Amino acid sequence: MSAGSANDRSAPSRRLGQSVRSSRVWLLVLWLAALAVLGYFAQRQLQIGTDLRLFLPKPTTPEERLLLEEIGEGAGSRVLVLALSGSSPEALADISRELAAALADNPAFRFVANGELSMDALPEELLPYRYLLSDTLDEHTFDASYLREQLRARARDLASPAGAFLESWLPRDPTLELLSVLQRWQPAQEPNRLYDVWFDKDGKRALLLAETAAPAFDPERQRQAIEMLRQAHGSFDSNHESTLTISGAGQFSVLMEQRTRGEAQFLGTAASIGMILLVLFAYRRPSAVLYSALPLLSAGLAGLFMVSVVFGEVHGITLAFGFTLIGVAQDYPVHLLSHWRADRPALTVVRELWPTLATGVASTCIAYLTFLFSGVTGLQQLASFTVAGLAAASLTTRFLLPRLLGEGGRDSGQSQALDRLWRSIDALPRLKWTSLILAIAAIVAISLSETPMWEDDLGKLTPVPVELIQQDQELRGALGAADVRYMLVVNATDRQQALRKLEEIQQPLEQLIERGAMTGFDHAARYLPSAATQLARQKKLPDTSTLREALGHAQTGSGFKADVFEPFVNDVQKAKELQPLLPEDLGTSPLATNLEMLLTRSDQGARAFVTLNGVRDAAALRAFSESRTDLLLLDLKGASEALVSKQRTHILWSLGLASILLVGVIALALRKRARVYRVLLPMALTTLIAMATLQLNGISLSLFHLIALMLGAGLGLDYALFFEHAADDPLEQRRTLHAVIVCSLSTLMVFALLAASTIPVLRAIGLTVSLAVVSNFLLAVMVARARATSNPSTHASAHAEAQQS
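Rules used in this analysis
Throughout, residues of each chain are indexed from 1 in the direction in which the sequence is written. Local features are withheld for residues below a pLDDT of 70 in this predicted model, meaning they are given only at 70 or higher, and side-chain atom pairs are given and counted only at 80 or more; totals for whole chains, interfaces and linings count all residues. Hydrogens and water are ignored here; the side-chain numbers use all heavy atoms of the structure. Segments assigned H or I by DSSP are reported as helices when at least four residues long, segments assigned E as strands when at least two residues long, and all are numbered from the N terminus. For every residue, the accessible area obtained with a 1.4 Å probe (protein chains only) is divided by the maximum for its type, and the residue is called buried under 20%, exposed over 50%, and partly exposed between those limits. Only heavy atoms matter for contacts: two residues are in contact if any of them lie within 4.5 Å across the pair. Computed by Shrake-Rupley with a 1.4 Å probe, the accessible areas treat only the displayed protein chains as cover when residues are assessed. Any Phe, Tyr or Trp ring, taking Trp's six-membered ring, that has another such ring centre within 6.5 Å forms a pair; planes under 30 degrees apart are called stacked, those over 60 apart edge-to-face, and the others tilted. Definition used: whenever NZ (Lys) or CZ (Arg) falls within 6 Å of the ring centre and also within 35 degrees of the ring normal, the charge is taken to sit over that ring. Helix axes are fitted only over the stretch in contact, all axes being lines through C-alpha atoms; the angle between N-to-C directions runs from 0 to 180 degrees. The cut-offs work like this: below 35 degrees is roughly parallel, past 145 is roughly antiparallel, 65 to 115 is roughly perpendicular, and the gaps in between are oblique. Two helices that cross are described as forming a left-handed crossing if the nearer one is turned anticlockwise from the farther one by less than a right angle, and a right-handed crossing if clockwise. Only Asp, Glu, Lys and Arg are considered charged, only Ala, Val, Leu, Ile, Met, Phe, Trp, Tyr, Cys and Pro nonpolar, and every remaining residue, Gly among them, polar. Expected span, for any helix, means 1.5 Å times one less than how many residues it has. We define the bend at each residue as the angle formed by axes fitted to the 7 residues ending at it and the 7 residues starting at it. Basic side-chain nitrogens of Lys or Arg form a salt bridge, by our definition, when they fall within 4 Å of a carboxyl oxygen of Asp or Glu. Here, nonpolar core means buried Ala, Val, Leu, Ile, Met, Phe, Trp, Tyr and Cys residues that are tied together by side-chain atoms lying within 4.5 Å of each other. Two strands pair under a simple rule: DSSP has to find at least two bridges between them. We define a polar contact as two N or O atoms separated by no more than 3.5 Å, with the added condition that, inside protein, one atom must be a possible hydrogen donor and the other a possible acceptor, whereas residues neighbouring each other in sequence contribute only through side-chain atom pairs. The predictor attaches a confidence to each residue, called pLDDT, with possible values from 0 through 100.

(A) Local environment of the overall build of the protein chain. Across its full length, the protein chain holds 33 helices and 13 strands. Across the 805 residues that make up the protein chain, the buried fraction comes to 51%. Once local pairs closer than 6 in sequence are excluded, the contacts in the protein chain between residues at least 24 apart make up 82%. Put simply, the protein chain shows about 36,700 Å² of open surface, and 58% of that area lies on carbon and sulfur atoms.

(B) Structural detail: the packing of aromatic side chains. The full count for this structure, using the stated rule, is eight aromatic pairs. Summarising the aromatic geometry, the rings of Tyr131 and Phe568 are spaced 6.1 Å apart at their centres and angled 55° between planes, so their arrangement reads as tilted. With Tyr131 in helix H4 (residues 130-133) and Phe568 in helix H25 (residues 566-577), this pair connects stretches of sequence that are 437 residues apart. Note on Tyr131: relative accessible area 1%, which makes it buried. A residue is classified by how much of its surface remains accessible, and Phe568, at 0% relative accessible area, is buried. Over the ring of Phe281 we find Arg284, and its NZ or CZ is 4.8 Å from the ring centre. The residue whose ring lies beneath Arg526 is Tyr527, and the NZ or CZ to ring-centre distance is 5.3 Å.

(C) Layout of unusual backbone geometry. A positive phi angle, close to 60°, is found at Arg284, a residue other than glycine. Note that Arg284 resides in the loop between helix H10 (249-283) and helix H11 (287-310). With a phi close to 75°, Arg671 is a non-glycine residue in the positive phi region.

(D) Structural detail: the packing of helix H18 (residues 434-448) against helix H29 (residues 673-696). For the pair H18 and H29, interaxial distance at closest approach is 9 Å and the crossing angle is 30°. Taken together, the axes of H18 and H29 are roughly parallel relative to one another. In this structure, the crossing between H18 and H29 has a hand that is left-handed. Each of Ser435, Leu438, Ala439, Ala442, Ile443, Ala445 and Ile446 in H18 lies in contact with H29, whose residues at this interface are Tyr677, Leu681, Leu685, Leu688, Ile689, Met691, Ala692, Gln695 and Leu696. Here the contact of H18 with H29 is built from residues that sort into 14 nonpolar, two polar and no charged.

(E) Representation of H11 within the structure. The end-to-end C-alpha distance of H11 is 35 Å, a good match for the 34 Å that 24 residues give at a rise of 1.5 Å each. Considering bend angle alone, the principal kink of H11 is centred on Ala293 and spans about 25°; proline Pro295 follows within four residues of it. One or two residues past the end of H11 sits Gly312, with phi positive at roughly 80°.

(F) Examining helix H24 (residues 544-555) more closely. The end-to-end C-alpha separation of H24 is 16 Å, in line with the 16 Å expected for twelve residues at 1.5 Å each. On its buried face, H24 sits against helix H6 (144-158) and H25. Gly557, located one to two residues past H24, shows a positive phi value of around 75°.

(G) View of the pattern of salt bridges. Within the structure shown, the criterion is met by 26 salt bridges. The salt bridge involving Arg172 is made with Asp571; its shortest N-O contact spans 2.6 Å. Separated by 399 residues along the polypeptide, Arg172 in the loop between helix H7 (163-166) and helix H8 (177-184) and Asp571 in helix H25 bring together distant segments of the chain. Taken individually, Arg172 and Asp571 each receive the classification buried, so the pair is uniform in this respect. Its salt-bridge partner being Arg344, residue Glu352 comes within 2.2 Å of it at the nearest N-O pair. Residue Arg344 is classed as partly exposed on the basis of its relative accessible area, which comes to 31%. Connected through salt bridges with shared partners, the residues Arg130, Arg172, Asp173 and Asp571 form a single ionic network.

(H) Looking closely at the nonpolar core. By size, the foremost hydrophobic cluster in this structure holds 79 residues, and its most contacted members are Tyr283, Tyr332, Phe371, Leu390, Leu405 and Val769. In terms of residues, this core owes the most to one element, helix H30 (residues 703-725), which gives eleven residues. Apart from residues lying up to four places away in sequence, Tyr332 is in contact with Leu357, Val361, Leu390, Ala393, Ser394 and Thr397. With 77 residues, the next largest nonpolar core counts Tyr129, Val490, Leu512 and Leu598 among its residues.

(I) Geometry of the side chain of Thr136. Along the chain, the position of Thr136 falls in helix H5 (residues 136-139). Filtering out sequence-adjacent residues up to four positions away, Thr136 remains in contact with Tyr146 and Glu177.

(J) Expanded view of the pairing of strand E9 (residues 486-492). The element E9 is largely enclosed, with a buried count of six among its seven residues. Here E9 runs beside strand E13 (residues 631-635); their pairing, made up of five bridges, is antiparallel. When the sheet's bridge partners are listed, Leu488 is paired in E13 with Leu633. In terms of strand pairing, E9 meets strand E12 (residues 605-613) through six bridges, oriented antiparallel. In the strand pairing of E12, Val489 is matched with Phe609.

(K) Geometry of the side chain of Ser449. Inspection of the secondary structure assignment puts Ser449 in the loop between H18 and helix H19 (458-461). A distance of 3.3 Å separates a polar side-chain atom of Ser449 from the backbone oxygen of Gln695.

(L) The arrangement of the pairing of E12 in detail. Of all nine residues in E12, nine are buried, a share of seventy percent or more. Pairing of strand E10 (residues 520-522) with E12, which is carried by three bridges, proceeds in the antiparallel orientation. Along E12, the bridge assignment pairs Phe521 with Leu612. For strand E11 (residues 599-602) and E12, the ladder comprises four bridges, and the chain directions are antiparallel. By the bridge assignment, Leu599 is partnered in E12 with Ala608.

(M) Structural context of the confidence of the model for the protein chain. Scored by pLDDT, the protein chain comes out at a mean of 82, with 87% of its residues at no less than 70. In the predicted structure, residues 788-805 sits below a pLDDT of 50 and forms 21 contacts with residues beyond four places in sequence or in another chain.

(N) The arrangement of the packing of helix H13 (residues 331-339) against helix H31 (residues 730-755) in detail. Where H13 contacts H31, the axes come no closer than 9 Å and their chain directions differ by 145°. For the pair H13 and H31, the sense of crossing is right-handed. On H31, the residues that touch Asp331, Val334, His335, Ser338 and His339 of H13 are Glu732, Arg735, Thr736, His738, Ala739, Val740, Val742, Cys743 and Thr747. Looking at the contact of H13 with H31 residue by residue, the classes come out as five nonpolar, six polar and three charged.

(O) A look at the environment of His725. Along the chain, the position of His725 falls in helix H30. With near-sequence residues (within four places) excluded, His725 lies in contact with Glu352, Leu353, Thr356 and Glu732.

This is the structure in C-alpha cells:
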C-alpha cells in the first residue's frame, strides 16, 4: 500500500518535471527561431560600407569639403601605380606595351598609361582639332617661311631612325601638330624613359598608371580590377620572368580587407575555443556554453537589425567597433551563472541581481546615446548598434535565460579556493591615499610626456603597413607625381570660365617656378584650351587657297611632291569650320580621363585643380592664392588634421556629456556618496592609468584608443557595481569574485589576442582594453569591495561551510 502511494505521489512530479523540461526546449527553439528571423531581415537590408568619411564630421570649410570629395570619389584616389621588374629593360618595355594595350578596352579601367606616345591617342573624329589644341599658332602662322622651315626639318627626320614612324603620317601633318599636342600632354615632370615607355631612374622597373572605374573604398570591385590586371600580366609573361607590383589606395583597400578578414577568422576561432574552455572549466557543464552565448548572440543580431533599419548602410568599422563594445554584454549571463545554485531558482537569483545589472546597463547605454548628437554618422551608427545590443543582452538575461536554466549546480560561494582568495584580498591594507597617488602620478606622466596627446595625421591612422606607404611614395616619386600636400583650386561658374582662369594664371605660375617656389605644375588648360583660345587660334588658320600657295613656295627645292600634302590642307580646312572642342565632346578618350581629374563640376558651377610639383615655398603660393578671390591653396595635410581635430572635439564633448549622465545615473541608483565613490573610482583611475601608459610608450591617442577606453570604462563600471553589490555577505562576495574573474579572463583573452594582431587598429584596441581589464579588476577588488564584516561569526560560519564543501 505504501509503495503504491509513493508511486502515485511521484507520478505528478514526473509529469511536472517533463512539462518543465518541454517548456524549456520550446523556449530555446523559439529563441533561436527569433534570432534566425532577426538575422535574416538584418542581412537582407544591411549593406556594408567602407567609406571612411562616415567617421569624419561634416565639413564646414571649402578645404574640408574638397578633402572629403577627393578622399572618397576623387579620380586621384582611383589611380594605381604599376611596376614591372625582374627582367631586362627591353623585355619589361614590351610587357608594359602589351599590358597597356590589353587593359585599354577593359571596362574595369578608365585609362592605362605607360608614357608611350601613340598617334591613336585622339580618335579620328577629333584629329582636326589638333590645330586648336596646339599652341603653335600662338606664336607662328602657316605662311611660306614657317612651312619651309618645317618641311626641311621633316626631310631630316625622314633620314633618321624615326623616319619609318613618321613617313605615313607626314602628308597629313607636316608640322607635327599631333606630336606637339601629345608631348604637351605628358606629365609636367617627365619620368625616365627607356624604349619609349616610363622607367624608374635606375632603369630596372617599368612604370605604368592605371585608373580604375571603381572608387578606392569599394574593395570588391577593386579586387576584381586587380585580378584582371594580374591575369593580363600573366598572359604576357607565362614564364614568370617579370614581377608585377601594384600600389595605390585601391590595392591597399583590397589588401587590408583580405588581411582583416583572415586575422578576424583566426582570432575569432581562437577566442571562441578559449571562451568555450573557460566556461566549461568555470561551470563544469556543457550547457553553460549555450547559456552564455545566447544573450551575446541576441545582442549582435539586435544591433545589426537596428542599424540596418535606421541607416540601411553600416560601415565595416562600425560593425567591428560595435561587436567590440557589446563585449561587455557577455558579462551579463556570467553573473547569473556564477550566482545560480541548487538552493536558489534562477528567476530568484536574477531578480536579486537585476537592480545592479540594470544600473550598469542603463549607465552604459546613456553614455553611448550621447554619440547620437556627435554629428558624425559613423559614431551615430555605433551608438545605435551598441545601445540596441546591450539592451537586448540585458533583457534576454533578465527574462528569457533564467527560464531556460534547470536545477542549479554547485555553489561558487562554497569554493575553498575562492574563500582563501577572498580572505587574502580582504587582508590587503586599504591605503587611503593610494588612489590619489595613482591619479596624480598618471596626470604627471601625461603632462610631462613628450609624445603628443592626440594623433591628427590621417596617414598614421591608416591600417596600411608603413612599408607599403613608403613604396607607394617611392613609385609615385619616380613617375614625377604631383605634391601630395598642396594644390591650387580655381572656382568658377562653369567649366569654360575655369579654363579661362587657368590660362590667366599660367604666366604667374611660371614666374613662381623661376623664383624657386616650386618645380612644376599641371592643370586642365594644358590639355584642353578654353573655347575663346581655340577660336583665336582658328582665326589664324589660312583658307585653302592661301595655304596651298604657301605650301607651293615652301616645297620649292624640298624634294616633296607637289600634291603630297593635300590631306594636310583638308584637315586645316576642317579645323577652320569646327566648333570649339568642349569637355563633354571628349567621350572616353585619354584626354577625357586626364581632364576629369583636373576639371570637375561642383555645387557652385565648376572647379579646376592645379597640381604642384616640388613645392619649396608654401608661403609664396599662399600669398599668390590670396591675391585672387577665385583661387584657393588647398593644404591637404592641414585640412585633414583640422578635420581629425574637429572629429576628436565632437567625441570629447560627447564623452564629457556621457560622463555627467553616467555619474547622475549611478548617484541616483546608489544614493550614498561612499557607494558612488567606490563604483566610479576604479573606472576613472583605469582611464588615467591607460592614457598614461600609452603616453609613456610613445603612443598618441586616436579614435581607436578612445573607443577602447570607452569599453574599458564600461567593464570597470560592471566589475565595481557587482563588487559593491556583494556588500558584507561572504558567500555573495565569493560568487561575485567568481563571476568577475570569469568575465575579466574571458575579456582579457579576447583582447590579448587582438593585441597580437599585425593590423595597427586591432592592435591598438587590444592593448588598450587588455590594460584596462587588468587595471579595472585590481582596482575594483581594492576599492569597490565592501569592508570586512564586523561580525566574526558570519565569517566563521561561512568559512566552515567552505571547509565542508
